[in-house]
Amino acid sequence: MVRLQLTHIKNKLNETLTGLIDISDYLNKPESEKQKVLLSRSYAAYSLMSLASLEPEIAAQAIVDGYGDNGIDAIYYDESEKIFWIVQSKWIESGNGEPDAGEIHKFIQGIKDIIDFKFEKFNPKVNNKQILIEKSLADYSVKVKIILAYSGTKLGNNNRQIISNLLEENNEASELFFWETFSLYEAHKALSASLEGKPVNADLNLTSWGQIEEPYQAIYGQIDAQTLAEIWLANGESLFSKNIRSFVGLSDVNDGIQDTLLSAPHNFLYLNNGVTVLCHKIHKKPMGGSDKSIGYFHCEGISIVNGAQTVGTIGNTYKKDAEKVNQAKVFIKLISLENCPPDFSLRVTKATNTQNKVENRDFISLDSLQEKLKIDFALAGINYSYKRNDKKSPVDSKNCSFEEAIVALSCSLDEIRYTLMAKDKIGKLWEDVNKPPYTELFHENITAITIWRKIQIMRVLDTKLTQKQNSNVDKEKGTCIYGNRFILHMIFTYVGKNKLFVSDSDFEKYLENELPQLIDNVITKTLEVLNSKYPQKLVYQFFRNLENYKSLKNLILEYLPVQ
């Protein structure tokens, strides 16, 4: 069976990726070596095609395998989903076994070097992606997904532990790193799903249900979250075959879904938008009769077209805490395609996935203080944008935005945990406009001039940090990217409050003459402390931890006291 599965995968790789995978560095090698490296690189690309839903051409461009790859065979950044994919691939000709521990250790070290911007340790293929890598890892919301792709059938405890250690080290403050295997089993399962398109059938029990009969049949009601979890665990991505995107598993939205399931499962029905499912046919079973309190339905050819994130997160959470998920219910809408026009399923899919959603950020516009600030800014000749739209506010002397304001304010407070939020989970700052931290940042005593001056200080620093990001020193580059909000907090600590209330002319002189030197001093001292006290710490990892923020701040203040 293993040999047959391996043959199927080989055929798929040859059929899909022939001519797309670069093996120019192996032109003078024996044919057997060419084929081995071609299969390994193709398998890395196929893992991204299957797991990240990439087209073959895009997956092939992600390949960085070659001499000096530092254990990394493919790199891809999904900007829309904020997922940074890192792949190691090993083609095992026998279809048995696994990568050896030495290869896994090399892969882990390569991941650490990527995160720490040590590009001198990588080949030109990786260095050609340097701008992309720096941009993706600088995003506070990025998640790193590690893929171990191998055409074997097992993975021993030793190798699992090596990868688990990496996750434990880097997920100390919040979940940033995730890993997944793409063994021969997963590869063949993905191949089978793409070839067969086998329909998913399910028996669904709905409570408090109702129906619409004209012009097309639809059933709606409540379903146990446990049922959705079990269907997802049994069928995986095939549940979402008609969906615009499958379950991404790593976004802040999904984190919120999981938080609700674990903390308030009984309220999940009220706090979630629910799920829309297309079915080839819906048949109501005789049980329950016309009783609308409960109904039993057999659904053929189901496909979730809206709510993929809800169902996927329920499934993942069920694996962690089945008891909590068992307490939750979900609103579900079942639509039968049996008597619908040919394009109806496509119309439903597009409509349910393109309607504008209301986010916590939108509730800012309901805060009367924001409109008052906008008026005060306008009186000073500055446009303050606080309502979310598709236009980016210009960064100049006549414009500023709510996003700039909340970052500057959060980093200027003595409470340093708000600084970490500004870097790591900025949405937490405005999660509830009636509670802290939002009410500690925006309150009746805050003024437009105070906000504006803090934004100006932040802009001067950001300009300096951008210039220093071109440094050839890895630690300096990483600190300027990952530690930018911590450094801003330190700058405000040294600036103090008095400088914010001087005359306009004196403040302009301060921005031009004194602030740049203060910034240089703080950056220099921050790097000195990091190098002397935390030489082995990954910069990326360090600036995700609140205790690190506190200890680093105290050490800097010892060496560079506030005057």
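Note: the structure precedes this text.
Residues numbered from 1 in each chain as written. Predicted model: local features only at pLDDT ≥ 70, side-chain atom pairs only at ≥ 80, totals over all residues. Heavy atoms only, no water.

Right, let's talk about the side chain of Lys 454 for a bit. Within the element layout of this structure, Lys 454 appears in helix α19 (residues 448-468). The buried charged residue Lys 454 lacks any salt bridge partner; its closest oppositely charged side chain belongs to Asp 414, at an N-O distance of 9.1 Å. Residue contacts for Lys 454: discarding those within four places in its chain leaves Ala 408, Leu 409, Ser 412, Phe 492 and Leu 500. (Helix = DSSP H or I, 4+ residues; strand = E, 2+ residues; numbered from the N terminus. Buried < 20%, exposed > 50% of the residue type's maximum accessible area, 1.4 Å probe, protein only. Lys, Arg positive; Asp, Glu negative; His and termini not counted. Salt bridge = Lys/Arg side-chain N within 4 Å of Asp/Glu carboxyl O. Contact = heavy atoms within 4.5 Å.)

A few words on helix α16 (residues 402-412). Spacing of three or four residues puts side chains on the same side of an α-helix, whose turn is 3.6 residues. Along α16, ten of the eleven residues are buried, which leaves the element largely enclosed by surrounding structure. Among all positions in α16, only Phe 402, Glu 404, Ala 405, Ile 406, Val 407, Ala 408, Leu 409, Ser 410, Cys 411 and Ser 412 are buried.

This paragraph deals with the packing of aromatic side chains. The final tally for this structure, using the stated rule, is 19 aromatic pairs. Considering the side-chain rings of Phe 402 and Phe 442, the 5.5 Å spacing of their centres and the 20 degrees angle between planes classify their relative orientation as stacked. Taken as a pair, Phe 402 in helix α16 and Phe 442 in the loop between α18 (438-441) and α19 lie far apart in primary sequence, 40 residues in all. Take Phe 402 and Phe 442: they sit in the same class, and that class is buried. Relative to Phe 542, the ring of Tyr 534 lies with its centre 4.8 Å away and its plane at 55 degrees, an arrangement referred to as tilted. Each of the two residues, Tyr 534 as well as Phe 542, counts as buried. Among the aromatic residues, those joined into a cluster by ring pairs are Phe 117, Phe 119, Phe 177, Tyr 482 and Tyr 540. The aromatic ring of Tyr 26 is capped on one face by Lys 29, whose charged end is 5.9 Å from the ring centroid. (Phe/Tyr/Trp six-rings, centres within 6.5 Å; stacked < 30°, edge-to-face > 60°. Lys NZ or Arg CZ within 6 Å of the ring centre and 35° of its normal.)

This next bit is on the sheet that holds strand β4 (residues 177-182). One open sheet accounts for four strands, arranged β1-β2-β3-β4; its pairing is mixed. Two strands bound the open sheet, and with one partner strand each, they are β1 (74-78) and β4. Looking at each pair of strands side by side, their axes are set apart by 20 degrees on average, direction ignored. Examined bridge by bridge, β1 and strand β2 (residues 83-90) share five bridges and lie antiparallel to one another. Directly across from Tyr 76, in β2, lies its bridge partner Trp 85. The strands that helix α2 (residues 31-51) touches are β1, β2, β3 (143-150) and β4; relative to β2, the one it contacts most, it runs at about 145 degrees. (Pairing = 2+ DSSP bridges. Axes fitted to C-alpha atoms, helices over the stretch in contact; angles between N-to-C directions.)

Hydrogen bonds between backbone atoms are what pair the strands of a sheet, whose relative direction is either parallel or antiparallel. Strand order in the open sheet formed by seven strands is β8-β9-β5-β6-β11-β7-β10, with mixed pairing between adjacent strands. Across the chains shown, the open sheet's two edge strands, defined by having one partner strand only, are β8 (281-284) and β10 (303-306). The average angle at which neighbouring strand axes cross in this sheet is 40 degrees, direction not considered. Taken together, the four bridges between β8 and strand β9 (residues 294-300) define a ladder with antiparallel strand orientation. Residue Lys 281 lies in a different strand from β9, and its bridge partner there is Glu 300. On top of the sheet, helix α9 (residues 225-235) reaches β5 (202-212), β6 (218-224), β7 (275-279) and β11 (329-336); it is set at about 95 degrees to β6, its chief contact. With respect to the sheet, helix α12 (residues 308-320) is in contact with β7, β10 and β11, its orientation differing from that of β10 by roughly 120 degrees.

Next up on the list: the pairing of β6. The pairing of β5 with β6 spans four bridges and is classified as antiparallel. Counted as the bridge partner of Thr 207 is Gln 222 from β6. Hairpin connection of β5 to β6: five residues between the antiparallel strands. Relative to β11, β6 runs antiparallel, the two sharing seven bridges. Counted as the bridge partner of Ile 223 is Val 330 from β11.

A full pass over the atoms with the stated rule returns 23 salt bridges. Ionic pairing is found between Asp 25 and Arg 41, a salt bridge with its closest N-O pair at 2.9 Å. Here Arg 41 lies in helix α2 and Asp 25 lies in the loop between α1 (2-17) and α2, a separation of 16 residues in the sequence. Note on Asp 25: relative accessible area 36%, which makes it partly exposed. A salt bridge links Asp 520 to Lys 464; its shortest N-O distance comes to 3.0 Å. With Asp 520 in helix α22 (residues 504-533) and Lys 464 in helix α19, this pair connects stretches of sequence that are 56 residues apart. One salt-bridge network, in which partners are shared between bridges, spans Asp 25, Arg 41 and Asp 65.

Any functional reading would require information that these geometric values do not contain.
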